[in-house]
Amino acid sequence: MTAKAADKLKSDGWKVADTTGFLTLIGPLWERLKDGALELALITEDKHHNRRGLVQGGVIMTFADRACGMAARFVSGRPTLATVQLDTHFVEAGKIGEILMTRPRVVRSTRSLIFITAEVTVDKRCIAMANGVFKILKNES
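Residues numbered from 1 in each chain as written. Predicted model: local features only at pLDDT ≥ 70, side-chain atom pairs only at ≥ 80, totals over all residues. Heavy atoms only, no water.

### Concerning the overall build of the protein
Item 1. Looking only at helices and strands, the protein has three helices and eight strands in total.
Item 2. Put simply, the protein runs from its N terminus to its C terminus through helices and strands in the order α-β-α-β-β-α-β-β-β-β-β.
Item 3. Against the compact-globule benchmark of 14 Å for 141 residues, the protein has a radius of gyration of 15 Å, which places it among compact chains.
Item 4. Projected onto its principal axes, the C-alpha coordinates of the protein cover approximately 45 × 30 × 30 Å. (Helix = DSSP H or I, 4+ residues; strand = E, 2+ residues; numbered from the N terminus. Rg over C-alpha atoms; globule rule 2.2 N^0.38 Å.)

### What to know about the environment of Ala93
Item 1. Within the fold, Ala93 resides in the loop between strand S4 (81–90) and strand S5 (99–102).
Item 2. Between the C-alpha atoms of Ala93 and Cys68, which are 25 residues apart in sequence, the distance is 20 Å.
Item 3. If near-sequence neighbours (up to four positions away) are discounted, Ala93 is found in contact with Leu54, Arg125 and Ile127. (Contact = heavy atoms within 4.5 Å.)

### Brief notes about the environment of Cys126
Item 1. Inspection of the secondary structure puts Cys126 in strand S8 (residues 125–136).
Item 2. Linking Cys126 and Leu100, residues 26 residues apart in sequence, is a C-alpha distance of 9.6 Å.

### Some details on the pattern of salt bridges
Item 1. Counted according to the given criterion, the structure contains six salt bridges.
Item 2. Glu39 is paired through a salt bridge with Arg103; the nearest N and O atoms lie 3.7 Å apart. Here the residue Glu39 occupies a position in strand S3 (residues 37–43), and Arg103 occupies one in the loop between S5 and strand S6 (105–109), the gap between them amounting to 64 residues.
Item 3. Residue Glu39 is classed as buried on the basis of its relative accessible area, which comes to 10%.
Item 4. Its relative accessible area of 36% is what places Arg103 among the partly exposed residues. (Salt bridge = Lys/Arg side-chain N within 4 Å of Asp/Glu carboxyl O. Buried < 20%, exposed > 50% of the residue type's maximum accessible area, 1.4 Å probe, protein only.)

As structure tokens, then:
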């Protein structure tokens, strides 16, 4: 399923996102720009399961955090941001083998904070909603 899903994403214009650290354990994460908006995807695998055999909530939260943070980075043009707050509501369970997708949306951007909302979906089914606040940090030298 994973290779077939990856081929489908590639044919739809997705590419593997560059990640390091903890995110390499979750991913690969996929990304694309569609109609000027950033979209992210994650093909769920056995490594993502919880004790019930469904997608672990922490995986969904990590995916939402990364997506919202990347959207904040994309709209701000700033390389360094930090999550100040992330509220996540689980709506429905995700099943192993499904492809999680999200298209985060900027709600408001100030000089120092960016407010983002995202729905994590599988096909047209919403499985989680997330709202995040991201702090724009001074560039580190």
